[in-house]
Amino acid sequence: MDEVVEEVLPHLPPVLMEELVEEVLPRLPPVLMDEVVEEVLPRLPPVLMDELVEEVLLRLPPDEPTWFVRSSTVCKPWRRILAAPRFRRRYGEFHGTPPFLGYFRFDATFVPTSALVPAQPDRPGLISLDCRHGRVLLATSDRYTQPIELIVLEPLTGQESRVPCPMHRGRMCSASVLCAAQGCDHHTCQGDHFLVALLSTDWQRRVTSGWLYSSETRVWSELTSLHHPNVKSASHMGGRSVLVGDALYFNVDVIIKCQLGTLSLSRFEKPVDVKGCLMTAEDGGLGFAAVVDVRILTLWSMETGPEGAVGWARFRLINLEILLPDGALLTPTHEYGISFVSGFAEGTQVMFVSTYVGCYMVDLKSGRVRMVSCSRENILPYTRFYFPAMKAASTDKEQ
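Residues numbered from 1 in each chain as written. Predicted model: local features only at pLDDT ≥ 70, side-chain atom pairs only at ≥ 80, totals over all residues. Heavy atoms only, no water.

**A word on the sheet that holds strand β18 (residues 296-304)**
Part 1: An order of β16-β17-β18-β19 is seen for the four strands of this open sheet, with the pairing classed as antiparallel. Only two strands of the sheet have a single partner each, and these edge strands are β16 (276-280) and β19 (310-319). Within this sheet the neighbouring strands show an average axis-to-axis angle of 30°, counted without direction.
Part 2: Sheet topology note: the β18/β19 ladder contains nine bridges and is antiparallel. Along β19, the bridge assignment pairs Ser301 with Ala313. (Pairing = 2+ DSSP bridges. Helix = DSSP H or I, 4+ residues; strand = E, 2+ residues; numbered from the N terminus. Axes fitted to C-alpha atoms, helices over the stretch in contact; angles between N-to-C directions.)

Have a look at this one:
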């Protein structure tokens, strides 16, 4: 390795250096990547350092923040590179999709998947409703005796904003949070303005109402009401949503579309009457996933026909018995044992399937599977680019 660093690398032509960075380094196993980061790069000639260090750091895997901590301890110039807003912007653009850092349970408990992701304090009396763009939306659970209060939390910074709820006590609701910053790519959203969309159904009147809150104006705007026949009384408590273009889609007893630009609501049926999850389809449109016939994960996409008719088209069947580890699926003897889709990481092809054994993360693109919980539960995936050493580095002025 010493000979490579001192004799070979300084004389490589630019085209080979580019291939080394773009093709070879990303394929190194972790043990060799450690050596590259801690031993090889610091000893490169200055002329190569300027060209290579940032390109190599851009290729650090985003799903494990320890890479940034170890890289930031190599030297102070590296810490300044990692702390620079330019690097964070380029890192988000290079990797595209923020990594999965953990998930929120219904009781607002946060379960991190990395030891470096800050743990969250227990929040008794709160439930989690939505998670998007680096924020989680919480609500007070005692809706019968107290007015509902919404809380928008940024887990990595601890910053929270309290939002008064426009509904009367005793009403059930579904709600979503999203970034409202103009031109934001949502890779590292932090401290910007946000929107909160809220739906509630008066099941006696069979009418669904909606509201949209802006943190910039601190005002709720009322959406058009929607006639909702055959509604179930408890169907709107924490119904999950997915953002597609300029619309939020809520998964309740039916699918309700909230068009953000026009503040309008519309409804349509699900492709199948089983417990399922809204998702982003491969083409970026609306999708739906559900476990059918116990072992078959079925995916649908919303499509528009040649004459303008909109409907569901089934585009993929996945045999969970083949995909999941041995023993993950047990033959259910009652409803509790039936597998179901328990979450979806928006903007990715990663979903979560709960079985009698536990909850598994399934990457539909790569086919990789791993268990994330021994409990059978619905989860809210938290995805975010995380730079744990950035604050200390950004205040360091020394060479």
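**With respect to the sheet that holds strand β22 (residues 359-363)**
Part 1: Read across the sheet, four strands follow the order β20-β21-β22-β23 without closing on themselves; strand pairing throughout is antiparallel. Edge positions in the sheet fall to β20 (340-345) and β23 (369-373), since each has one partner strand and no second. Going across the sheet, the axis of each strand differs from the next one's by a mean of 30°, ignoring polarity.

**As for the packing of aromatic side chains**
Part 1: Tallying each qualifying case throughout the model produces 13 aromatic pairs.
Part 2: Relative to Tyr213, the ring of Phe194 has its centre 6.5 Å away and its plane inclined at 35°; by these criteria the two rings are tilted. One end of the pair, Phe194, is in strand β8 (residues 194-202); the other, Tyr213, is in strand β9 (residues 207-214), and 19 residues separate them in sequence. No difference in accessibility class separates Phe194 from Tyr213, as the two residues are buried.
Part 3: Between Tyr213 and Trp220, the ring centres sit 5.2 Å apart and the planes meet at 50°, which makes this aromatic pair tilted.
Part 4: Members of the aromatic cluster, joined through ring pairs, are Tyr249, Phe268, Phe288, Trp300 and Trp312.
Part 5: One cation-aromatic arrangement involves Lys275 over Phe340; the distance from NZ or CZ to the ring centre is 4.0 Å. (Phe/Tyr/Trp six-rings, centres within 6.5 Å; stacked < 30°, edge-to-face > 60°. Buried < 20%, exposed > 50% of the residue type's maximum accessible area, 1.4 Å probe, protein only. Lys NZ or Arg CZ within 6 Å of the ring centre and 35° of its normal.)

**Regarding the side chain of Thr348**
Part 1: Considering the arrangement of structural elements, one finds Thr348 in the loop between β20 and β21 (350-354).
Part 2: Take Thr348: its relative accessible area is 11%, and that puts it in the buried class.
Part 3: Within the local environment of Thr348, its side chain forms a polar contact with the backbone nitrogen of Val350, the two atoms lying 3.0 Å apart. (Polar contact = N/O pair within 3.5 Å; in protein donor to acceptor, adjacent residues only side chain to side chain.)

**A word on the nonpolar core**
Part 1: Core analysis: the biggest nonpolar cluster contains 19 residues, and Leu137, Leu150, Val196, Leu198 and Trp220 have the highest contact counts within it.
Part 2: Looking at this core, the elements with two or more residues in it are β3 (126-132), β4 (135-140), β5 (149-154), β7 (174-179), β8 and β9.
Part 3: Considering every element that reaches this core, the biggest residue donor is β8, with three residues.
Part 4: Leave out the neighbours within four places in its chain, and Val196 touches Leu137, Leu150, Val152, Ser176, Val177, Trp211, Leu212, Tyr213 and Trp220.
Part 5: Among the nonpolar cores identified, the runner-up in size contains 18 residues, and Cys277, Phe344, Tyr360 and Val362 belong to it. (Core = buried A, V, L, I, M, F, W, Y, C linked by side-chain atoms within 4.5 Å. Contact = heavy atoms within 4.5 Å.)

**Observations concerning the environment of Tyr382**
Part 1: Along the chain, Tyr382 falls in strand β24 (residues 380-383).
Part 2: Assessed through its relative accessible area of 1%, Tyr382 is described here as buried.
Part 3: For the pair Tyr382 and Asp130, spaced 252 residues apart in the sequence, the C-alpha separation amounts to 9.7 Å.
Part 4: Setting aside its immediate chain neighbours within four residues, Tyr382 contacts Pro99, Phe100, Leu101, Gly102, Tyr103, Phe104, Phe110, Cys131, Gly134, Arg135, Pro155 and Leu156.

**With respect to the confidence of the model for the chain**
The predicted coordinates should not be examined in detail at positions where pLDDT is low.
Part 1: In this model, the chain carries a mean pLDDT of 78, and residues with pLDDT of at least 70 account for 76%.
Part 2: Looking over the chain, one finds the lowest element-wise mean pLDDT in helix α1 (residues 2-8), namely 44, and the highest in strand β13 (residues 247-251), namely 93.
Part 3: The low-confidence segment residues 392-399 (pLDDT under 50) makes 12 contacts with residues lying over four places distant or belonging to another chain. (pLDDT = per-residue confidence, 0-100.)

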